[in-house]
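A look at the structure
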There are 2 protein chains.
Amino acid sequence: MATELTIQQVAAATGLSVHTLRYYERCGLIASIDRAASGHRRYAADDIRWIEFLTKLRLTGMPIRQMQQYAALVRQHPDAAFGERRQLLIAHRQAVLQQIRQLEENLAVIYWKIQHYSKLEAQVQTNGNVKPSNAPV
Amino acid sequence: MATELTIQQVAAATGLSVHTLRYYERCGLIASIDRAASGHRRYAADDIRWIEFLTKLRLTGMPIRQMQQYAALVRQHPDAAFGERRQLLIAHRQAVLQQIRQLEENLAVIYWKIQHYSKLEAQVQTNGNVKPSNAPV
DNA sequence: TTAAAAGTTAGAGCGCACTCTAAGTCAAGC
DNA sequence: GCTTGACTTAGAGTGCGCTCTAACTTTTAA
């Protein structure tokens, strides 16, 4: 096929480093990549798509271990085990939703604190100082 | 004051381990905690509130380094430097909002994939197999 | 009074996810 | 032909954020 990319091109395309690409292959996240006669890796379009999906799992906080499980399912049963794969993704989706909820909860406190500082600053502008407080600042 | 807690009580209250509490103090995230005559730490209510805020920063992904900067500002200028502290939190808020956006973007792909697996499974139910595809699975 | 539990410190160790190095092979341009 | 840069491997190193250990002291409950 015409579109066979070198490792460096794949790095540029996916945002991963060449080191990380080799690391992912070594630890089983990526199946063995085709080689040129020289032994150099030649990535196919499918490989790129798989790597792009992997990075989405990573960016949503899935640990390498779990990605390895998922990758193993895909590799061992390319045309089956959809139920298992789906279950794994559903569990992950739950984790991500939970993570977003937690971020939003804590973010609310940060919003509050920023506003609080605005008020204190305004006090400094008018009074020259702030009245003592025992609240954590 | 009546409400002076031991390190273990604070661990239970905040969800941090006693190790982490000592570590946070050692690296300057928490100012020196009062000691009993024995040398044992005695945490005041204010300390707990500060630690709770710290954990919100951590849980939203703020690195220890940045928390140290923030803690230093609070410690060095307890009744001033509101502008600087506010700027730091505003920058962090931006980072968190960005993080949430990214999670949501990638989550959409995971949703799609789950649905895709549902369809493939349905195909297996009716056809006994799936038609070959060159899309990454 | 004494055993067990909880506290202290300095410093070592760990798990994760990369990230880099060394020593060598291969490819592309002058 | 030769240099420069990209590629290969196995394995070592890094940074982060804890987490644990060893050796010791203090508190608590039986």
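Scroll up a little and you will see the structure.
Residues numbered from 1 in each chain as written. Chains lettered and ligands numbered in written order. Predicted model: local features only at pLDDT ≥ 70, side-chain atom pairs only at ≥ 80, totals over all residues. Heavy atoms only, no water.

**Comments concerning the protein's contact with DNA strand D**
Counted only if it meets this: Here a residue is considered near a molecule or strand provided that any single heavy atom belonging to it is located within 4 Å of it. We call two N or O atoms a polar contact when they sit within 3.5 Å, provided that within protein one can donate a hydrogen and the other can accept it, with sequence-adjacent residues counted only if both atoms are side-chain atoms. Working definition: helices are DSSP H or I runs of at least four residues, strands are E runs of at least two. Numbering for both runs from the N terminus. Polar here means any residue other than Ala, Val, Leu, Ile, Met, Phe, Trp, Tyr, Cys and Pro, which are nonpolar, and Asp, Glu, Lys and Arg, which are charged; Gly is therefore polar.
Near DNA strand D lie 17 residues; those nearest to it are Q8, R22 and R41 of chain A together with Y24 and S38 of chain B. The sugar and phosphate moieties of DNA strand D supply 79% of its atoms located within 4 Å of the protein. A distance of 2.5 Å separates a phosphate oxygen of DNA strand D from a polar atom in the side chain of R22 of chain A. I64 of chain B places a main-chain nitrogen or oxygen 3.4 Å from a phosphate oxygen of DNA strand D. At the level of secondary structure, the elements contributing two or more residues to the surface near DNA strand D comprise α1 (7–14) and α2 (18–26) of chain A together with α2 (18–26) of chain B. Ranked by the residues each element gives to the surface near DNA strand D, the list is headed by α2 of chain B, at four residues. Partitioned by chemical class, the residues of the surface near DNA strand D number five nonpolar, seven polar and five charged.

**Some thoughts on the protein's contact with DNA strand C**
Taken together, 18 residues lie near DNA strand C, and Y24 and S38 of chain A together with Q8, R22 and R41 of chain B sit nearest. Sugar plus phosphate: this is where 79% of the atoms of DNA strand C within 4 Å of the protein reside. The contact in question runs from a phosphate oxygen of DNA strand C to an N or O atom on the backbone of I64 of chain A, over 3.4 Å. Contact distances for DNA strand C include 2.7 Å between a phosphate oxygen and a backbone N or O atom of R41 of chain B. Secondary-structure elements contributing two or more residues to the surface near DNA strand C are α2 of chain A together with α1 (7–14) and α2 of chain B. For the surface near DNA strand C, the element with the highest residue contribution is α2 of chain A, accounting for four residues. Taken together, the residues that form the surface near DNA strand C break down as five nonpolar, eight polar and five charged.

**So, the pattern of salt bridges**
Residue and element names in this part refer to chain A. Condition: A carboxyl oxygen of Asp or Glu within 4 Å of a side-chain nitrogen of Lys or Arg is what we treat as a salt bridge. The rule is simple: take the accessible area with a 1.4 Å probe, protein chains only, and divide by the maximum for that residue type; under 20% is buried, over 50% is exposed, in between is partly exposed.
What the rule picks out here adds up to eight salt bridges over all chains. A salt bridge links E25 to R41; its shortest N-O distance comes to 2.7 Å. In this pair, E25 is assigned in helix α2 and R41 in the loop between α2 and α3 (45–59), connecting sequence segments 16 residues apart. Note on E25: relative accessible area 12%, which makes it buried. Residue class for R41 comes out buried when judged on its relative accessible area of 17%.

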